[in-house]
Amino acid sequence: MVKSEENSVDRRNFLKIAAGSAVALVASAPRVGAQENTARPSHEQTSEDAKKVDAPATERTTEAPADNPYTQGMAAFVSGLRYERIPEEVIDRIKLLILDSFGCALYSVDLEWSRILMRTLQQVDSSTSCGVWGTSLRLSAPHAALVNGTLVHGFELDDIHRLGVMHVGAVTLPSLLAVTEIRPGMSGRDFLTAAVAGYEIGPRVGRCMGEEHIGQGWHSAATVGVFSSAAAAAAALRLSKEQTVHALGIAGTQSAGLMAAQYGSMVLRMHTGRSAQSGLYGGLLAANGFTGIVNVFESDYGGFCTTFSRSHDRFNLAELTSGLGARFETMQVSLKFYSCVSSNHTTLDAIRAIRARRPFSVDEVDHIVVHGSQVTVDHVGWKYRPAGVSAAQLNLPFCVATLLLDGNVFVDQFNALKIVDPVRIALADKVKVVADPDITARGSEFRQMVRAEVFLKDGTVLTETVETPRGSERSFASKADVVEKFENLAGHVMPAGQVAAIRDAVLTLETLPDSSRLAHLLTKQ
């Protein structure tokens, strides 16, 4: 018993000594950016600091890893971007992209999943900082970003960066608009600058990860989207380069989103909202001194790239900063003119082209074969079973059947009756999606390329190859087409006068003295 007590005393003494040494080591480590204090000998400093056992804990006492050139490069771009450095064509393009996203969001206001989300958040949030677009509801900034991001992606109408495999507006604009409301006074020029920052950063992360990212089951719009949101928030908040590094690191560790959500779930719509919210948290926390993963992209263990790719080589870090500030990914964002996942659009364009060249009826069709990349097969080529609207919108055979029956694949084609229509389902069963090794080998730039073959009952075979869809970066929509789509969608919930006011404010954003005016216009008063 005495021996046991002696051992306990020895153990306590050892722990005291160890604790004192640890405190001394941490306290004596130089802070980032601070000059080392050499005024007194190190043994005196250690002795005094060891007594400060009640000093508050801090994560600011260790050196930041020096090996983070890509994170630093992206942060430097975001913090240093100015309106005058952005090419005129990029400014013109991003205004159209912003307008399109707002139209997509406003259409989604009255959808079932949107109403459930808003009703649920109202029950737990009595804040009134920021408006929910298309409504009179006001919530806290993070919850408003969550809802607004969900609205933009609410009905598979929003933009897509094909190579980055992500929806950019849905994750960038909600956090940016939230900042305009909690920090009013941001000019329209600064708003556009922050938007460009977001539209540039996220797609580069997507390019870094490649198409294999979504192929592994991650919803890249959500996982990659946090970085677009954080970049826009950081730029809007005028964070320094160091703060922006932390904003990206805070956002990156919140990254999530599973593609199994596509098989009939409401949560698919919320993925972009969560990314918008996470990026906003990143910016706001970093502005107040909260620290994140400073080498969020480069870390060998637990970094974004190594973890999400489950490798040390199935990603390309150089894509993160390649051409940054000279080549604008904003110009690579495509718009949708079908209300379904972008991977379906090239096939729908091909079927339309075939039918225009040689009209045929549904009764003439024996079967259809769509040859595409392996990612296309995995993503949209599965056998259709009615499991909700999202499943219908993300299924290629169903969308082909819908086009053949209705002549279009837009908002009116996805309702409770049509997604369970036995005639439509039987026609979808005649559509087969197969992997073409040659298309797959061409890489992510041709991920959506297809060769569609329509086999008629009389033995005729009609073929069409499409590399990129209508509205893509290679054949971007006209200003008139974008405005028409916006007015059509926004008109479902907003009066004509307010729709026109939003349109005019966006198209002349560079003249707006306070961009919080835009946030005001987007809500019902």
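One structure accompanies this document, and this report is about it. Computed from a predicted model, the values in this text were never measured in an experiment. (Residues numbered from 1 in each chain as written. Predicted model: local features only at pLDDT ≥ 70, side-chain atom pairs only at ≥ 80, totals over all residues. Heavy atoms only, no water.)

## A word on the nonpolar core
Consideration 1: Counting residues in hydrophobic clusters, the biggest one holds 158 residues, and the most contacted among them are I98, F102, F297 and F304.
Consideration 2: It is helix α4 (residues 88-107) that provides the largest number of residues to this core, a total of 12 residues.
Consideration 3: Among residues more than four places away in sequence, those in contact with I98 are L173, F191, L192, A195, Y199, V506 and L509. (Core = buried A, V, L, I, M, F, W, Y, C linked by side-chain atoms within 4.5 Å. Buried < 20%, exposed > 50% of the residue type's maximum accessible area, 1.4 Å probe, protein only. Helix = DSSP H or I, 4+ residues; strand = E, 2+ residues; numbered from the N terminus. Contact = heavy atoms within 4.5 Å.)

## A look at the pattern of salt bridges
Consideration 1: Under the counting rule described, the total for this entry stands at 26 salt bridges.
Consideration 2: Across the salt bridge formed by R204 and E200, the nearest N and O atoms sit 2.7 Å from each other. Separated by 4 residues within a single helix, R204 and E200 lie in helix α8 (residues 188-209), roughly one turn from each other.
Consideration 3: Owing to a relative accessible area of 0%, E200 belongs among the buried residues under this scheme.
Consideration 4: Of the charged contacts in the structure, one is a salt bridge between R424 and D421, with a shortest N-O distance of 3.5 Å.
Consideration 5: In the salt-bridge network here, residues are joined through shared partners; they are R207, E319, R327 and E329. (Salt bridge = Lys/Arg side-chain N within 4 Å of Asp/Glu carboxyl O.)

## Some remarks on the sheet that holds strand β6 (residues 431-435)
Whenever strands of a sheet pair, they do so through backbone hydrogen bonds, lying parallel or antiparallel.
Consideration 1: Reading across from one edge, β6-β5-β7-β8 is the order of the 4 strands in this open sheet, with mixed pairing throughout. Both outer strands of the open sheet, β6 and β8 (461-466), are each paired with one neighbouring strand and no more. Taken pair by pair, the neighbouring strands of this sheet meet at an average axis angle of 15°, ignoring direction.
Consideration 2: Where strand β5 (residues 365-372) and strand β7 (residues 450-456) come together, 7 bridges link them in antiparallel fashion. Residue pairing in the sheet places V370 in a bridge with A452 of β7.
Consideration 3: Helix α15 (residues 345-357) contacts β5, β7 and β8 of the sheet and is inclined by roughly 135° relative to β8.
Consideration 4: Contacting β5 and β6, helix α18 (residues 396-406) runs over the sheet at an angle of about 135° to β6. (Pairing = 2+ DSSP bridges. Axes fitted to C-alpha atoms, helices over the stretch in contact; angles between N-to-C directions.)

Honestly, that's just the spatial picture; any functional story needs more than this.
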